[in-house]
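Structural characterization, general
Here are the chains, one letter per residue:
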Amino acid sequence: MPQSNSKLHDDSDGLSTEKTTGRVFSTTFSGRDVTISDFPLPEDAKKETFPLPSTPDIQPKLQKKKPKSYNRLQTKLNSLDITPFLDLMLSVAHERDPSKIIERASTGYKGTHVTMGAFWLRPTKKMADIVTPHPSADTMLRLVAYSGLNDRSPLNWDHALGTYELAPVTEPIFDACQRGIPSIGPSPEEWDRPAWAIKEGYQAYSSFPVMYNDEFLGILSTFYDRPMKGPFAQLHSMHQKMHKIFADTVARALVNAVAFEEIQKLRGELELENQLLRRAVQEKRLDNNLIGDSDSLARVMEQIDVVSPTDASVLLLGESGTGKELLAEAIHSRSTRNQNAFVRVNCSAIPHELFESEFFGHVKGSFTGAIRDRVGRFQMADNGTLFLDEVGEIPLELQGKLLRVLQEGTFEPVGDERSRKVNVRIVAATNKDLTKEVAAGRFRQDLYFRLSVFPINVPPLRERRNDIPLLARHFINLAAKRMNISAPRLNPHHVERLQEYNWPGNVRELQNVIERAVIMSHSGNMELYIQDNSNATPPQEMNVHAYPSTLAQATPPASAPPPQDIITEAEWTAMQRENIMQALEATNWRVQGNGGAAELLGIKPTTLRSRMQKLGIEKR
């Protein structure tokens with residue numbers, strides 16, 4: 001309970017057992033001034049200590065003289081300041097951190113004759129963030145906070161089964177709290193005091209259930225250094241009301257805080273899922289199939305098969321565009337973590353000032369623009385795989401924090417003092433020579449050793465020329481499906497030209513060339529437009545494939561070889577007519593539907609009818 005600036009002294013020789021000077025007690029529990037009439041007294045107190053006011057016809061000489069303690073108590077009760085109690089209640093009600101609610105609750109055990117307060121909670125899984133769970137949570141209580149005049153808990157604070165760090169709900173001081181009924185012991189005569197209570201000088205106690213919607217959560221208890229009867233019965237009655245209000249407030253605050261943490265956790269998981277889904281949709285990922293049968297690729301796949309079942313860090317070394325990300329996905333899919341997240345981070349695309357937030361996340365208000373909590377990539381990849389692409393671009397000042405996560409599995413989000421523990425497997429990739437970066441002082445040697453537990457060299461496309469035809473056909477089918485057109489033919493002279501080229505951009509450049517050829521293909525014929533970019537700078541490389549928008553139709557650049565197998569328009573029209581007729585006859589002139597001519601030709605039924613009308617095709 002909160003402190004008050006009022007002090008209560010007891011000068012009576014016959015009504016107190018010891019002096020109470022210097023002990024403070026807050027007696028506020030409502031939003032108005034408290035008077036003596038707010039606290040009905042027990043019968044014994046009225047008869048023995050607090051005589052009723054006399055009526056006018058009774059002689060003054062017959063009135064009993066009021067004790068000084070009564071006058072002082074009545075004066076103090078009529079001049080209470082409720083502000084500290086209200087502030088404490090509001091701070092508890094508004095708190096969203098369960099540990100801070102416990103901390104604030106422990107500040108309530110202060111006041112005249114209150115020597116100690118204790119707070120027990122049921123050790124359930126629901127309260128796992130506050131108290132260590134126990135298999136007997138239905139019948140046991142775990143101590144989570146205590147405070148009082150001493151900085152320690154009572155000496156020899158034991159019960160029949162152990163210490164009060166973990167106590168059964170059947171203990172006498174808890175009595176019927178599990179059923180929602182307070183347990184009160186106002187004097188030694190009404191409380192069978194255990195040895196530890198006698199030794200500490202505890203004369204009375206009050207225990208109140210912490211309950212929410214009939215769910216028993218725990219118990220708040222206070223202990224007194226004198227019997228709370230006689231002139232102190234009214235004070236004890238006030239304590240009971242205040243503790244009941246306080247226990248109810250703590251119960252609601254704890255339930256809300258636990259629910260809030262669960263919502264935050266679920267929101268983080270939902271954000272993770274949304275990010276992964278958005279990335280998959282936006283990037284239109286290729287299937288996780290590795291295309292090729294060359295010896296160099298086979299050697300790489302053998303190494304992947306060996307390392308995938310382990311949790312060893314893998315470093316993929318190779319030129320840009322060689323498919324290192326697909327190999328990282330292959331490692332994840334073949335590992336024991338394949339049911340958990342595979343999270344990608346392009347280290348070269350993150351601004352240096354946001355690296356820490358991107359990797360470890362941040363809490364709301366940790367820096368300008370942090371309007372809400374954000375989950376970092378390490379937390380997203382917990383129990384899964386984190387792929388660090390272009391790992392050589394990580395700033396030197398962040399490499400130490402990254403090394404700590406790899407070694408200890410712990411990190412702190414930006415603006416948060418609490419450590420988070422994760423279990424993440426790292427697969428890194430780079431097109432740099434990290435040994436040279438280490439020698440130049442741009443990359444930590446210990447981080448390099450931690451990442452390169454199992455290095456794999458990814459061969460460039462020029463060393464996999466036998467895979468070029470397979471890759472080209474794969475990219476043709478993908479592009480045609482995406483554009484909803486028939487896949488053009490890949491002729492032998494196409495394959496010869498593709499295998500002659502050196503491919504400085506590797507598989508990525510091949511995919512771009514094939515996709516451009518599919519876009520510019522006409523009626524199943526495809527021509528390749530390749531320009532040697534081996535010595536081109538990045539801006540030139542970006543523009544070499546662009547064509548003037550003023551051309552009436554797409555034509556190859558002057559450097560391209562002349563097209564082969566050219567046919568006239570009349571020949572092409574006759575071939576189209578004959579092809580459509582064969583499709584119609586094969587389907588018994590069924591234009592649309594499953595197995596229809598439009599489906600065989602790979603075009604829409606409306607397009608087929610239009611061409612039939614244009615070519616004058618009618619059913620025979």
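Here the structure is a predicted model, which is why all the values come from computation and not from measurement.

Before going further, it helps to spend a moment on the overall build of the protein chain. The number of helices and strands found in the protein chain is 20 helices and 17 strands. Burial status across the protein chain gives 44% buried among its 620 residues. Across the protein chain, every contact between residues at least 6 apart in sequence was considered, and the portion connecting residues at least 24 apart equals 69%. Surface accessibility of the protein chain: about 33400 Å² in total, with carbon and sulfur atoms responsible for 49%.

What follows covers the confidence of the model for the protein chain. Chain-level pLDDT for the protein chain is 76 on average; 76% of the residues reach the 70-or-more range. Least confident of the elements in the protein chain is helix α17 (residues 538-543), whose mean pLDDT is 34; most confident is strand β9 (residues 314-317), at 95. Note on residues 1-39: pLDDT is under 50 here. Beyond four places in sequence and across chains, it has 118 contacts. Here residues 536-563 scores under 50 on pLDDT; set against residues more than four positions off or in separate chains, the count is 19 contacts.

Burial of strand β8 (residues 215-224) is extensive: 9 of the 10 residues sit out of reach of the surface. Bridge analysis of strand β1 (residues 114-121) against β8 gives 7 bridges, and the strand direction is antiparallel. Across the sheet, A118 pairs through a bridge with S221, a residue of β8. Note: strand β7 (residues 204-212) against β8, 9 bridges, orientation antiparallel. Its bridge partner lying in β8, S206 is registered against T222. Taking the residues between adjacent antiparallel strands as the criterion, β7 and β8 are bridged by 2 residues, where N213 takes a positive phi near 50 degrees.

Right, let's get into the sheet that holds β8. Here we have 6 strands laid out as an open sheet, ordered β5-β2-β1-β8-β7-β6, and antiparallel in their pairing. Since the sheet does not close on itself, it has two edges, and those belong to β5 (166-168) and β6 (183-185), each with one partner. For this sheet the average axis-to-axis angle between neighbouring strands, irrespective of direction, equals 25 degrees.

When the charged atoms of two side chains with opposite charge come close together, those side chains can pair. Tallied over the entire structure, the rule returns 18 salt bridges. K229 is the salt-bridge partner of E190, the closest N and O atoms lying 3.3 Å from each other. Within this pair, whereas E190 is found in the loop between β6 and α5 (195-200), its partner K229 is found in the loop between β8 and α6 (233-283), the two being separated by 39 residues in sequence. Classification of K229 as partly exposed rests on a relative accessible area of 34%. Of the charged contacts, one joins R462 and E319 as a salt bridge, the two residues approaching to 2.4 Å between their closest N and O atoms. Residue R462 is found in the loop between β17 (454-457) and α14 (468-483), and its partner E319 is found in the loop between β9 and α8 (324-333); the two are separated by 143 residues along the sequence. When salt bridges with common partners are traced through the structure, they connect E325, E329 and R344 into a single cluster.

Membership of the largest hydrophobic core comes to 34 residues, with the highest contact counts inside it found for F359, F378, L386 and L388. Elements that contribute at least two residues to this core include exactly β10 (342-346), α9 (355-360), α10 (377-380), β13 (385-389), α11 (396-408), β16 (425-430), α12 (434-439) and α13 (445-451). It is α11 that provides the largest number of residues to this core, a total of 5 residues. Once residues within four sequence positions are removed from consideration, F359 is found in contact with V345, C347, G376, R377, F378, L388, I394 and L398. I102, F232, L235 and V250 belong to the second-largest nonpolar core, a separate cluster that totals 33 residues.

Conventions adopted
- Numbering of residues starts from 1 in every chain and runs along the sequence as written.
- Totals for whole chains, interfaces and linings use every residue, but because this is a predicted model, local features are given only for residues with pLDDT of at least 70 and side-chain atom pairs only at 80 or more, for both listing and counting.
- Only heavy atoms go into the side-chain values, all of them from the structure, while hydrogens and water stay out.
- Numbering of helices and strands starts at the N terminus; helices are DSSP runs of H or I of at least 4 residues and strands are runs of E of at least 2.
- With a 1.4 Å probe rolled over the protein chains alone, any residue whose accessible area is under 20% of its type maximum counts as buried; one over 50% counts as exposed, and the rest are partly exposed.
- Contact criterion: two residues are considered in contact whenever any of their non-hydrogen atoms come within 4.5 Å of each other.
- Accessible surface area values rest on a Shrake-Rupley calculation with a 1.4 Å probe, where residue burial reflects the displayed protein chains alone.
- A residue's pLDDT is the confidence the predictor assigns to it, expressed on a 0 to 100 scale.
- A pair of strands is considered paired only if DSSP assigns at least 2 bridges between the two.
- Only C-alpha atoms enter the line fits that serve as axes; for helices the fit covers just the stretch in contact. Angles between N-to-C directions range over 0 to 180 degrees.
- Here, a salt bridge means any Lys or Arg side-chain nitrogen found within 4 Å of an Asp or Glu carboxyl oxygen.
- Joining through side-chain atoms within 4.5 Å is the link that ties buried Ala, Val, Leu, Ile, Met, Phe, Trp, Tyr and Cys residues into a set, and such a set is a nonpolar core.

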